[in-house]
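Report on the structure
For reference, the chains in residue letters:
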Amino acid sequence: EGRRVVARMRIVDRELRAAGLRTHFDERRANDDAGRTSMAEAVDEAVLVAAFLTRRYIERTAGKDPTPGSDAKLSTFEFDYACRRKGPSRIVPVIFETGCRDPDSWTGPVAVRLREKPAVDMVDDAAVMEGVAKLVEMVHGLARSARRASHDHRS
């Protein structure tokens, strides 16, 4: 399952870039100062943060991943930092596993912060293109809102 998730994430990244968006997708998931700094900078620059939800990611953000040597701390850092810097209004849950479709099944920080948010379903390859289109529209909508707010503020 994990390899299929990463392969699908590669496709999403490629399609978002093809749509003209800048993305941050670090397959290495480097759990060191450089990796955390890179991730934090990407969050700071982001208009929207996509939280790709799998059961494992939800468990990791809650500090419940028992896998030795896992990057659970990095997932926790990533999610917490995005929530602090962007707030839940700028984080969109992207469903990557069928078992994560029901927000009532989410636990920990993901449930607390994202439970009420509409999610983008990308549980299989067939849903990816529609999901990418939704993400692109969300980013463009937020960018338009930011430009209007900036214009209104200057007027």
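Here goes a summary of the coordinates provided. (Residues numbered from 1 in each chain as written. Predicted model: local features only at pLDDT ≥ 70, side-chain atom pairs only at ≥ 80, totals over all residues. Heavy atoms only, no water.)

1. Description of the overall build of the chain
Put simply, the rule is: Comment: elements are numbered from the N terminus, with helices defined as DSSP H or I runs of at least four residues and strands as E runs of at least two. Classification of residues uses two cut-offs on accessible area relative to the type maximum, computed with a 1.4 Å probe and protein chains only: under 20% is buried, over 50% is exposed, and between them is partly exposed. Contacts are assigned to residue pairs that have any heavy atoms within 4.5 Å of one another. Only the protein chains shown count as cover for residues, and all accessible areas are computed by the Shrake-Rupley method using a 1.4 Å probe.
What the chain contains, in helices and strands, is six helices and three strands. The order of α-helices and β-strands along the chain, N terminus first, is α-α-β-α-α-β-α-β-α. Residues classed as buried in the chain amount to 39% of the 155 residues present. The long-range fraction of contacts in the chain, counting pairs at least 24 apart against all pairs at least 6 apart in sequence, stands at 69%. Just so you have it, the chain exposes about 9,100 Å², and 51% of that area is on carbon and sulfur atoms.

2. A few points about the pairing of strand β2 (residues 91–95)
This is how it is decided: Should DSSP find at least two bridges between two strands, the strands are regarded as paired. Note on handedness: a clockwise path from strand one over the helix to strand two, with the strands aimed away from the viewer, defines a right-handed crossover.
Counting buried residues along β2, five of its five residues qualify, which places the element largely inside the surrounding structure. The pairing of strand β1 (residues 49–53) with β2 spans five bridges and is classified as parallel. Bridging across to β2, L53 finds its partner in I95. As paired strands, β2 and strand β3 (residues 120–121) are joined by two bridges and run parallel to one another. The residue bridging I95 from the neighbouring strand is D121, located in β3. Between the parallel pair β2 and β3, the chain is carried across by helix α5 (residues 108–114), and the sense of this crossover is right-handed.

3. Thoughts on the packing of aromatic side chains
What counts is decided by this rule: When two rings of Phe, Tyr or Trp (its six-membered ring) have centres within 6.5 Å they constitute a pair, described as stacked for plane angles under 30 degrees, edge-to-face for angles over 60, and tilted for the intermediate range. By definition, being over a ring means that NZ of Lys or CZ of Arg is both within 6 Å of the ring centre and within 35 degrees of the ring normal.
Summed over all chains, the structure comprises two aromatic pairs. Centre to centre, the rings of F52 and F96 are 5.0 Å apart; their planes meet at 70 degrees, and the pair counts as edge-to-face. Remark: F96 occurs in the loop between β2 and α5 and F52 occurs in strand β1; sequence separation between them is 44 residues. Of the two residues, F52 and F96, neither departs from the other in class, the shared state being buried. Ring geometry for F77 against Y81: centres 5.7 Å apart, planes inclined by 15 degrees, an arrangement best described as stacked. Within this pair, F77 and its partner Y81 are both found in helix α4 (residues 72–86), separated by four residues, close to a single helical turn. Taking NZ or CZ as reference, R8 lies 4.7 Å from the ring centre of F96, over its face.

4. Thoughts on the side chain of T54
Locating T54 in the fold gives a position in the loop between β1 and α3 (55–61). Apart from residues no more than four positions distant in its own chain, T54 is found in contact with V5, F96, E97 and C100.

5. Comments concerning the nonpolar core
This is how the line gets drawn: Residues grouped as a nonpolar core are buried Ala, Val, Leu, Ile, Met, Phe, Trp, Tyr and Cys residues, joined through side-chain atoms within 4.5 Å.
Ranked by internal contacts, the top residues of the largest apolar core, which has 20 residues, are L53, F79, I91, W106, V110 and L114. Of all the elements, α4 adds the most residues to this core, at four residues. Once residues within four sequence positions are removed from consideration, V110 is found in contact with L53, I58, T61, F79 and R115. Core analysis: the second largest hydrophobic core is formed by 18 residues, M9, L48, V128 and V139 among them.

6. With respect to the sheet that holds β2
Ordered in space as β1-β2-β3, the three strands form an open sheet in which the pairing is parallel. Each having just a single partner strand, β1 and β3 make up the two edges of the open sheet.

7. Section: the environment of M39
Tracing the chain through its elements places M39 in helix α2 (residues 33–45). Once the C-alpha coordinates of M39 and A82 are considered, the two residues, 43 residues apart in sequence, prove to be 9.5 Å apart.

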